[in-house]
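So the chains spell out like this:
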Amino acid sequence: MTPPKIKIESLDFYYNTHQILSNINETIPENAITSIIGPSGAGKSTFLSLFNRLWETTPGARVEGRIQARFSDSFMDINDPKLSVIQLRRAVGMVFQMPNPLPMSIFNNVAFPLKLAGITEKETVQNRVTTAIKACGLWPEVKDRLDKKATTLSGGQQQRLCMARALVMEPEILLLDEPTSSLDPRSGAMIEELMVQLKPRCTLIMVSHQPDQVERIADQVIDFTPGSESCR
Amino acid sequence: MNRWGEKAIYSLSVLSCVLLFGSVAILLGYLLVKGLPALNPGLIFGSTPMVDALFLKRQVFDGIFPAMAGTLALIALAITIAVPLGLLAGIYMAEYSGRFTRSVFGFFFDLLSGIPSIVVGLFGFSAILFFHHHISESLAPCLLVSALSLAFLVLPYIVKTTQIALETVPQQTRITGLALGATRLQNIVFCLIPESLSTILGGIILAVGRCAEDTAVIMLTGAVVSAGLPDSLFKGYEALPFYIYYISSQYADQTELTQGFGACIVLLLICATLFTLAAIIQKKVRHTLLYRH
Ligand SMILES: Nc1ncnc2c1ncn2[C@@H]1O[C@H](COP(=O)(O)OP(=O)(O)OP(=O)(O)O)[C@@H](O)[C@H]1O
Ligand SMILES: [Mg+2]
């Protein structure tokens, strides 16, 4: 197994006084797909939100314990106040269950993270956007309509666009929350294939409700079913 | 609810709409019938030739041209003051304020929106009187005081609509930008505001309408019967609603009353034009924010 990318030690998570996660100890290997499974409400999405600190946007949320991630060869505490959450989110991409293109053009959707990061040089933007769209196998379908509204794409196309948008920042870690559950089997298969292709340059963490999908692509499984602490 | 209940509510709701529509139609029809005969260049420019008036070669004394210009200047000024302030306050309320400040400020903004315009006018009037006596004799009711008072009057609308528009952006949209590495401000400017622009525009339209229509405030703070075209912030000015009020309360003959109705139509037309303009601007802003490469 590849070296660890993320180490989670005695982690607890609360929404106000309601404890969602308790004493989690896990290691997430680099350049691999780690799959999170478990019943609805078990805290899978919450778990995912720890890695880009998106949980901070929920009032009353609180975390205890340590999550360390290795960026450029040294481990750092993700919750360290000295670590900029903005920088973190630029290094940790996320794809949601429902495709969430912004109400802007296809091109601008993918270019959006670059704009946020202050990368404005036209040629750079053009190249990186094109590369990201191509990586997601979306190029032939959108190359003639880059300035059209992203919401005119089909669900599967939108989800691949969101993948491209997450990848344009070349994140080291990619979080995926049930990325194929709202898609037809063919679009789902495309996303799966893409995830496997991403392994050499990314550490992927995916929540999945589909056992067959986990069987097909996961290198490691973390089971959130209460009572089971099983890891594969 | 039983079948009769369903039917009754349905019929009543249809009836209410018809009633409303009917009253608006009657109002507009009445205005048109009464005012249309007066609607000619003479109403606007009086005896001054139109071209001379438009190019400011000659003053208009017996037309509503100065009043139209005054009203436009007043709206432009008041909105220019109120919109940035209101937007910023709304953004603060929705995105930055804590629970306590939000409820306290919210309460005061609600209170402010309930203050009758005559009270705001009186306040503006007293303020300028105070300045007149204590700071400079030259300070008197004028365009600027009216604009400030009107801005004050319409601020709560803009604050409230901005706040509500931002607060009702769905959580999913709210975290989209954040997950992509947006700072708080970037998320507001690039994701939340474009999403809520049309609701915010609703508040601004309401404010424009209020500025165009309000008579109580301007009567006390600077509107006069005759001032010519507005050329200074520190002078009195003419305004359409005040003209309408004045001419219809003191009319000497039928022609003058008809002129009042004609001025009403002009005022409505001005409002309609401004609303259209606002919608176009909203489209443009949205487009630049979202679609420009
Ligand atoms: N914003 C919130 N405030 C309070 N409680 C929350 C919040 N979000 C989630 N929860 C609670 O936390 C628990 C875990 O939620 P989470 O969304 O992580 O579950 P999940 O495993 O992803 O479920 P699903 O498979 O349905 O997506 C649930 O009991 C939920 O009620
Ligand atoms: Mg979930």
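Residues numbered from 1 in each chain as written. Chains lettered and ligands numbered in written order. Predicted model: local features only at pLDDT ≥ 70, side-chain atom pairs only at ≥ 80, totals over all residues. Heavy atoms only, no water.

### Focus on the overall build of chain A
1) Next: From N to C terminus, chain A includes eight helices and nine strands.
2) Next: Across its three principal axes, chain A shows a C-alpha extent of roughly 50 × 40 × 35 Å.
3) Next: Considering only contacts in chain A between residues 6 or more positions apart, those separated by 24 or more positions represent 71%.
4) Next: As displayed, chain A has an accessible area near 10,000 Å², and 51% of this comes from carbon and sulfur atoms.
5) Next: Separation between the mean location of the 25 positive side-chain charges and that of the 26 negative ones in chain A comes to 7 Å. (Helix = DSSP H or I, 4+ residues; strand = E, 2+ residues; numbered from the N terminus. Contact = heavy atoms within 4.5 Å. Areas by Shrake-Rupley, 256 points an atom, 1.4 Å probe, with all protein chains shown as cover. Lys, Arg positive; Asp, Glu negative; His and termini not counted. Charge placed at Lys NZ, Arg CZ, Asp CG, Glu CD.)

### So, the overall build of chain B
1) Next: Across its full length, chain B holds twelve helices and zero strands.
2) Next: Taken from N to C terminus, the helices and strands of chain B fall in the order α-α-α-α-α-α-α-α-α-α-α-α.
3) Next: Within the span of chain B, comprising 293 residues, buried residues form 42% of the whole.
4) Next: Restricting the contact set of chain B to residue pairs at least 6 apart, pairs at least 24 apart contribute 72%.
5) Next: When the accessible surface of chain B is summed, it comes to about 15,900 Å², and 72% of that surface belongs to carbon and sulfur atoms. (Buried < 20%, exposed > 50% of the residue type's maximum accessible area, 1.4 Å probe, protein only.)

### Here's the deal with the packing of helix α4 (residues 65-96) of chain B against helix α11 (residues 240-249) of chain B
Packed helix pairs are characterised by how far apart their axes lie and by the angle those axes make with each other.
Residues and elements named next belong to chain B.
1) Next: Taken N-terminus to C-terminus, the directions of α4 and α11 make an angle of 135 degrees; their axes are 8 Å apart at the nearest point. Between α4 and α11, the angle is such that the two are oblique. Note on element contacts: α11 touches α4 through L240, P241 and Y243, opposite A67, M68 and T71.
2) Next: By residue class, the composition of the contact of α4 with α11 is five nonpolar, one polar and no charged. (Axes fitted to C-alpha atoms, helices over the stretch in contact; angles between N-to-C directions. Parallel < 35°, antiparallel > 145°, perpendicular 65-115°, else oblique. Nonpolar A, V, L, I, M, F, W, Y, C, P; charged D, E, K, R; others polar.)

### A short note on the pairing of strand β5 (residues 74-77) of chain A
1) Next: Sheet topology places strand β4 (residues 61-71) of chain A next to β5 of chain A; four bridges connect them, and they run antiparallel. Counterpart to R70 of chain A in the pairing with β5 of chain A is F75 of chain A. (Pairing = 2+ DSSP bridges.)

### What about the sheet that holds β5 of chain A?
What links the strands of a sheet is backbone hydrogen bonding, and the strands pair in either a parallel or an antiparallel sense.
Residue and element names in this part refer to chain A.
1) Next: In space, the four strands of this open sheet follow the order β2-β1-β4-β5, with antiparallel pairing throughout. Strand pairing shows two members of the sheet lacking a second neighbour, β2 (18-29) and β5, which therefore form its edges. Strand after strand, the sheet turns through a mean of 5 degrees between neighbouring axes, direction not considered.

### Points about the pattern of salt bridges
1) Next: Taken as a whole and judged by the stated rule, the model has 18 salt bridges over all chains.
2) Next: For D52 of chain B, the salt bridge identified is with R58 of chain B, shortest N-O distance 3.0 Å.
3) Next: Exposure remark for R58 of chain B: the relative accessible area of 48% places this residue in the partly exposed category.
4) Next: Between R210 of chain B and D214 of chain B there is a salt bridge, with its nearest N and O atoms 3.5 Å apart.
5) Next: Overlapping salt bridges bring together K5, E30, R70 and E172 of chain A as one network. (Salt bridge = Lys/Arg side-chain N within 4 Å of Asp/Glu carboxyl O.)

### Details of the interface of chain A and chain B
1) Next: Between chain A and chain B, the residue contacts involve 23 residues of the former and 21 residues of the latter.
2) Next: On the surface where chain A and chain B come into contact, there are zero salt bridges.
3) Next: Summed over the shared surface of chain A and chain B, the result is three residue pairs in polar contact (both at pLDDT 80 or more).
4) Next: At the level of secondary structure, the elements contributing two or more residues to the side of chain A that touches chain B comprise α2 (85-91) and α3 (106-116) of chain A.
5) Next: For the side of chain A that touches chain B, the leading source of residues is α3 of chain A, giving six residues.
6) Next: Considered class by class, the residues forming the side of chain A that touches chain B number eleven nonpolar, five polar and seven charged. (Polar contact = N/O pair within 3.5 Å; in protein donor to acceptor, adjacent residues only side chain to side chain.)

### With respect to the sheet that holds strand β3 (residues 33-37) of chain A
All names here are of chain A.
1) Next: Strand order in the open sheet made by the five strands is β6-β7-β8-β3-β9, with parallel pairing throughout. Pairing within the sheet leaves two strands with one partner each, and these edge strands are β6 (92-95) and β9 (220-223). Here the average twist between neighbouring strands, direction ignored, is 20 degrees.
2) Next: With four bridges joining them, β6 and strand β7 (residues 173-177) adopt parallel strand pairing. Bridging from a neighbouring strand, M94 pairs with L175 of β7.
3) Next: Seen against the sheet, helix α6 (residues 155-167) touches β6 and β7 and runs at an angle of roughly 170 degrees to β6.

### Remarks on the site of ligand 1
Residue and element names in this part refer to chain A.
1) Next: Neighbouring ligand 1 are 13 residues; S40, G41, K44, S45 and T46 lie closest to it.
2) Next: At 2.9 Å from an oxygen atom of ligand 1 is found a main-chain nitrogen or oxygen belonging to G41.
3) Next: Protein contacts shield 61% of the accessible area of ligand 1, which totals 640 Å² for the unbound molecule.
4) Next: For the shell around ligand 1, the element with the highest residue contribution is helix α1 (residues 44-49), accounting for three residues.
5) Next: Here the residues of the shell around ligand 1 sort into four nonpolar, seven polar and two charged. (Near = heavy atom within 4 Å.)

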